Amino acid sequence: MRLKDKVAVITGGTSGIGRATAVLFAREGARVAITGRNEARGRQVIEEIERAGGRALFARADVRSAADCRSAVERTLREYERIDILFNNAGVFFPRTVPDMSEAEWDETIDSSLKGAFLMSKLVLPGMIERRSGVIIHNSSGWGLVGGGAAAAYCAAKGGLVLLTKAMAIDHGRHGIRVNCVCPGDVDTPMLPEDARQRGMAWDAYLAEAGNRPLGRIGKPEEIARAVLFLASDDASFVTGTALVVDGGGSAD
């Protein structure tokens, strides 16, 4: 119960890392609010949490929209009265080089990850500052620290999150607020088979390439969720401004 009585907002909480984190946070005692664009998947996550005895709500929101972000935050505050933890997890991926990428794909990639984190943080920070307590975690990537092939916009967005993390940690440490990010490697989420499809790769070949790292495999959403839990909990009470790499050693090779 490391998050007992805490209130956590998780964007992109309907699948993959977001879903795993929402379920884990609820199991650790948090009241959880998840956002996403797919209401049916959102309801499934809420039902899973409630069946296990947790408390959760779903707010349909596209984090690229300031109005949607405001609505999600306001609903959470009406239901739970405060927000202690924000996990900016929402994001998209298009396997494109700069010449191959459309302006719309660039905008969706940057806005889903980077603008969404800005909008949600802007709305949540005033309450945290007033209480002089809070935790914000951004979901970056190993490719936010090193480059990746055919991933120009994704690398730009995730690299931006790493430095946004550090800037916010400097600005808000004096308010008692910790700001960190996680940098996962390849993780078994719906994003991976879609990436393989768009790259024209057979799934077995894609997995073999993605697993070419010291631990010899891709990660599980639950493994990333446990890293996020560490950063959200008092176990990380002296950790801020850091980019925690959780990639099976891929960036060390």
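Just above, that's the structure.
Residues numbered from 1 in each chain as written. Predicted model: local features only at pLDDT ≥ 70, side-chain atom pairs only at ≥ 80, totals over all residues. Heavy atoms only, no water.

S.K.: What exactly am I supposed to notice about the packing of aromatic side chains here?
M.R.: The description of an aromatic ring pair uses the distance of the two centres, along with the angle that the planes make with each other. This model, assessed by the stated rule, comprises three aromatic pairs. Measuring from ring centre to ring centre gives 5.6 Å for W203 and Y206, while their planes differ by 15 degrees; the resulting arrangement is stacked. Taken together, the residues W203 and Y206, both in helix α7 (residues 203–210) and three residues apart, mark about one turn of the helix. Each residue in the set F93, W143 and Y154 is aromatic and connected to the rest through ring pairs, giving one cluster. (Phe/Tyr/Trp six-rings, centres within 6.5 Å; stacked < 30°, edge-to-face > 60°. Helix = DSSP H or I, 4+ residues; strand = E, 2+ residues; numbered from the N terminus.)

S.K.: How should the nonpolar core be read in this particular structure?
M.R.: Generally speaking, nonpolar side chains in soluble globular proteins are found buried as a group. Counting residues in each nonpolar core, the largest one holds 31 residues, and the members touching the most others are F25, V32 and I34. Secondary-structure elements contributing two or more residues to this core are β1 (7–10), α1 (16–27), β2 (31–36), α2 (39–51), β3 (55–60), β4 (85–88), β5 (134–139) and α8 (221–232). Among all residues touching V32, those that are not within four sequence positions of it are A8, I10, A22, F25, A26, R55, A56, L57 and Y80. By size, the runner-up hydrophobic cluster in this structure holds 24 residues, among which are V73, Y80, M120 and M128. (Core = buried A, V, L, I, M, F, W, Y, C linked by side-chain atoms within 4.5 Å. Buried < 20%, exposed > 50% of the residue type's maximum accessible area, 1.4 Å probe, protein only. Contact = heavy atoms within 4.5 Å.)

S.K.: Please clarify how the layout of surface pockets should be interpreted in this entry.
M.R.: To find leftover empty space, a probe the size of one water molecule is rolled over the atoms. By volume, the second largest pocket amounts to about 250 Å³. Together, 17 residues line the second largest pocket, and S133, G134, V135, R178 and D234 are the ones closest to its centre. Per-class residue counts for the lining of the second largest pocket are six nonpolar, six polar and five charged. (1 Å grid on protein atoms, 1.4 Å probe; cavity = no way out; pocket = protein on both sides within 12 Å on 5 of 7 lines; lining within 4 Å. Points joined across faces, edges and corners; volume = space filled by probe spheres on them. Nonpolar A, V, L, I, M, F, W, Y, C, P; charged D, E, K, R; others polar.)

S.K.: Quick question: what am I supposed to make of the sheet that holds β4 here?
M.R.: In sheet architecture, strand pairing relies on hydrogen bonds along the backbone and comes in two forms, parallel and antiparallel. Read across the sheet, seven strands follow the order β3-β2-β1-β4-β5-β6-β7 without closing on themselves; strand pairing throughout is parallel. Every interior strand has two partners, whereas the edge strands, β3 and β7 (243–246), have only one. For this sheet, the mean angle separating the axes of adjacent strands, direction not counted, is 20 degrees. Where β4 lies against β5, four bridges are found, and the strand directions are parallel. Paired with F87 across the bridge in β5 is I137. α2 rests against β2 and β3 of the sheet, and its axis sits at about 175 degrees to β3. Docked against the sheet, α8 engages β4, β5, β6 (177–184) and β7, running at close to 165 degrees with respect to β6. (Pairing = 2+ DSSP bridges. Axes fitted to C-alpha atoms, helices over the stretch in contact; angles between N-to-C directions.)

Interpretation in functional terms is not warranted from these geometric data alone.
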